[in-house]
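In case you want the letters, here they are:
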Amino acid sequence: MRFEPAQAFAPEPAYILLPFRFRRLPWDSERVLLSSLSGDWMVIPADRLPPLVAGEIDPGDPLRLDLEARHFIAASADRATLAPLLSQIRTRKAYLQEGPALHIFVVSLRCHHSCAYCQVSRRPTGQSRFDMAQDASIHAVERLFEWPSPTLTIEFQGGEPLLHFDRVRSLTERIVERNRSEGRALRFVIASTLHDLTDEQLAFFAEHGFALSTSLDGPEWLHNANRPRPERDSYRRTVEGIERARRALGEDAVSALTTLTRRSLEAPEAIIDEYRKLGFPSIFLRPLSPYGFALKTKTRTGYTIEDFLTFYRRALDHLLAVNRAGYRMDEVYASLLLSQLMTPFSHGYVDLRSPTGAGLGAVVYDYDGWAYPSDEARMLAAMGDFTFRLGRVEETVDTWLRSEAMQRVLEAGVAEALPTCADCVFVPWCGADPIDHYARQGDTIGHRPTSDFCRKQMGMFDLLLEKWEVSEPQDRGILESWAFRKEPSSALQAAA
Ligand code: SF4
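Residues numbered from 1 in each chain as written. Predicted model: local features only at pLDDT ≥ 70, side-chain atom pairs only at ≥ 80, totals over all residues. Heavy atoms only, no water.

Concerning the overall build of the protein chain
For step 1, the next point in the chain: Summing up its helical and strand segments, the protein chain has 20 helices and 17 strands in all.
For step 2, the next point in the chain: Within the protein chain, the fraction of its 496 residues that count as buried is 59%.
For step 3, the next point in the chain: Carbon and sulfur atoms make up 52% of the accessible area of the protein chain, which amounts to about 20,400 Å² in all. (Helix = DSSP H or I, 4+ residues; strand = E, 2+ residues; numbered from the N terminus. Buried < 20%, exposed > 50% of the residue type's maximum accessible area, 1.4 Å probe, protein only. Areas by Shrake-Rupley, 256 points an atom, 1.4 Å probe, with all protein chains shown as cover.)

Re the environment of histidine 223
For step 1, the next point in the chain: One can find histidine 223 in helix H7 (residues 220-226).
For step 2, the next point in the chain: For histidine 223, a relative accessible area of 0% translates into the label buried.
For step 3, the next point in the chain: Linking histidine 223 and isoleucine 271, residues 48 residues apart in sequence, is a C-alpha distance of 9.5 Å.
For step 4, the next point in the chain: Excluding its chain neighbours within four sequence positions, the residues that come into contact with histidine 223 are Ser215, Leu216, Asp217, Gly218, Ser234, Tyr235 and Thr238.
For step 5, the next point in the chain: Side-chain polar atoms of histidine 223 contact the side chain of threonine 238, separated by 3.5 Å. (Contact = heavy atoms within 4.5 Å. Polar contact = N/O pair within 3.5 Å; in protein donor to acceptor, adjacent residues only side chain to side chain.)

Details of the nonpolar core
Generally speaking, a soluble globular protein has its nonpolar side chains buried in company with each other.
For step 1, the next point in the chain: Counting 114 residues, the largest nonpolar core has Phe105, Phe156, Phe205, Phe210, Phe311, Tyr312 and Tyr365 as the members making the most contacts within it.
For step 2, the next point in the chain: For this core, the element with the highest residue contribution is helix H12 (residues 305-324), accounting for ten residues.
For step 3, the next point in the chain: When residues of this core are sorted by domain, at least three fall in each of domain 1 (2-92) and domain 2 (99-384 + 486-495).
For step 4, the next point in the chain: Excluding its chain neighbours within four sequence positions, the residues that come into contact with phenylalanine 210 are Phe156, Val168, Thr172, Phe188, Val189, Ile190, Phe204 and Phe205.
For step 5, the next point in the chain: By size, the runner-up hydrophobic cluster in this structure holds 17 residues, among which are Val32, Leu34, Leu49 and Leu67. (Core = buried A, V, L, I, M, F, W, Y, C linked by side-chain atoms within 4.5 Å. Domains from an automatic or database assignment.)

Section: the pattern of salt bridges
For step 1, the next point in the chain: In total, this model carries 33 salt bridges according to the counting rule given.
For step 2, the next point in the chain: The residue aspartate 398 makes a salt bridge to arginine 402 at a minimum N-O spacing of 3.0 Å.
For step 3, the next point in the chain: According to the relative accessible area criterion, aspartate 398 is partly exposed, its value standing at 44%. (Salt bridge = Lys/Arg side-chain N within 4 Å of Asp/Glu carboxyl O.)

Let's talk about empty space enclosed by the protein
For step 1, the next point in the chain: Within this structure, the stated rule accounts for two cavities of 30 Å³ or more.
For step 2, the next point in the chain: What the largest cavity holds in volume is close to 120 Å³.
For step 3, the next point in the chain: Forming the walls of the largest cavity are 13 residues, and the residues nearest its centre are Cys421, Cys424, Cys430, Cys454 and Gln457.
For step 4, the next point in the chain: Quantified by volume, the second largest cavity comes out at close to 40 Å³.
For step 5, the next point in the chain: Looking at the lining of the second largest cavity residue by residue, the classes come out as five nonpolar, two polar and two charged. (1 Å grid on protein atoms, 1.4 Å probe; cavity = no way out; pocket = protein on both sides within 12 Å on 5 of 7 lines; lining within 4 Å. Points joined across faces, edges and corners; volume = space filled by probe spheres on them. Nonpolar A, V, L, I, M, F, W, Y, C, P; charged D, E, K, R; others polar.)

Topic: the packing of helix H4 (residues 134-144) against helix H5 (residues 165-182)
For step 1, the next point in the chain: One way to put it is that H4 packs onto H5 with a least axis distance of 10 Å and a crossing angle of 35 degrees. With respect to the hand of their crossing, H4 and H5 are arranged in right-handed fashion. Between H4 and H5, the residues in contact are Gln134, Ser137, Ile138, Val141, Glu142 and Leu144 and Arg167, Leu171, Arg174, Ile175 and Arg178, respectively.
For step 2, the next point in the chain: Broken down by class, the residue content of the contact of H4 with H5 amounts to five nonpolar, two polar and four charged. (Axes fitted to C-alpha atoms, helices over the stretch in contact; angles between N-to-C directions. Left-handed = near helix turned anticlockwise from the far one by under 90°.)

A closer look at the sheet that holds strand S9 (residues 185-191)
For step 1, the next point in the chain: Strands sit in the order S13-S11-S10-S9-S8-S7-S15-S16-S17 across an open sheet of nine strands; the sheet is mixed. For this open sheet the edge positions go to strand S13 (285-286) and strand S17 (391-392), each flanked by a neighbour on one side alone.
For step 2, the next point in the chain: On top of the sheet, helix H14 (residues 375-382) reaches strand S7 (102-106), strand S8 (151-157), strand S15 (362-365) and strand S16 (370-372); it is set at about 130 degrees to S16, its chief contact. (Pairing = 2+ DSSP bridges.)

Let's talk about H14
For step 1, the next point in the chain: For H14, a buried count of seven out of eight residues is recorded, marking the element as mostly surrounded by other parts of the structure.
For step 2, the next point in the chain: Taken together, the buried positions of H14 are Asp375, Glu376, Ala377, Arg378, Met379, Leu380 and Ala381.
For step 3, the next point in the chain: Looking one or two residues beyond H14, the residue adopting positive phi is glycine 384, at roughly 100 degrees.

Here we look at unusual backbone geometry
For step 1, the next point in the chain: The peptide bond linking glycine 158 to glycine 159 adopts the cis configuration, its omega dihedral lying at 10 degrees.
For step 2, the next point in the chain: Looking along the chain, the bond that leaves serine 354 and enters proline 355 is cis, with omega of 0 degrees.
For step 3, the next point in the chain: Here proline 355 is to be found in the loop between helix H13 (332-342) and S15.
For step 4, the next point in the chain: Of note in this structure, leucine 194 is not a glycine but carries a positive phi near 65 degrees.
For step 5, the next point in the chain: With respect to the helices and strands, leucine 194 occurs in the loop between S9 and helix H6 (199-207).
For step 6, the next point in the chain: On the basis of relative accessible area, leucine 194 is assigned to the buried category, the value being 2%.
For step 7, the next point in the chain: Here the phi dihedral of threonine 420 falls at roughly 80 degrees; this positive angle occurs in a residue that is not glycine.

Set out below in structure tokens:
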């Protein structure tokens, strides 16, 4: 719920009430969580809320200092008094100032896997007509440098991008060459199974400082069940690829993420232990998305958000135990949410932005020369729905930004202005995801009380806050260290 300043009804309040939102704690109905416009928060006894709103917190009350420091109240509404609040909002939304930094190049739809949860329209390995043509790639590089961001993360994706390594190479070389006059900071990422890596490819990745992102769904039985290849050897090939890449590029050059099927939900401990065994410092527990093959096989592999949250609670407990035992490993999504809660800083994760990261934080250049504001928009197009096509790579970025597709994204792209989100205590740290809501609910604004995105967000915020609040100091310290850890590798952020 939300209070606006006009609702402060004391005759002569000794302070001005700034807009804020609140929610009773689900695990303690005697206390409420408050969040301010700046994204600061605090938990107070529920019986202190009415006097706060009535302007009755005394100047000598320690709560009053706290409320003022966290921008719930102010001595006056003049510019100088509100300057720190405005500056904090600017810092939190700093991702808006520079335009999209993440640029995804889909160099081929071909893949040798047949994963039931595949989010894209993968194609058999022999069908090279699903590769990005040279003309399209040349135009895409021109578009890339029309965006203003001083940092450009270029992620190669598929299908399996290594099946069209020539295009990865030619795009990289063209971008590096073009950047001699542009002077941007470039980061290259490739999302690959890492099967069939060659020495030539590794040398090229080393030369250009590539980060590698791969999929590892857990122990051998689970990985092979989730990610079938005809030879049933996906796990072995993935682990060999990880080890090979680490030897050539360094331990930190490879990150992995797991996609959770219904079978995965039975085995949180085994999945985490597998990552520990392979020496990963991070794990990203990613639920299924409602796109592509994942939609077709939903009844076989899908599950409810409530099932996911039950799994996640178990996973979090195990992860904390692993950390207590001396092995440092965090969960990427938890770290992102905790960093939103515990630091004032902006972040690079496009799905948790308001205004939305679609088209404002990321752009996708598809193999066939069409551009999209997000990977989800591309997946919808692969399913025959072209609502979010920005335009062709032969057109300018300016044309894309004026497209009907971009207008639709922007109209529903500010969480603070969406029904339910506008009054939600979590909105300063949450995001607007109009394309996801369109895919799941049929319209970009969506209906939060029945939205899986919202249920997941609420469940995760509640779980993390409860854990942080009620746990022993050691666990609390572990969760705080996740919030302040260095940014997730660009590979994980890109894959996210
Ligand atoms: S999506 Fe849900 S959790 Fe996020 S701000 Fe909106 S109502 Fe709150």
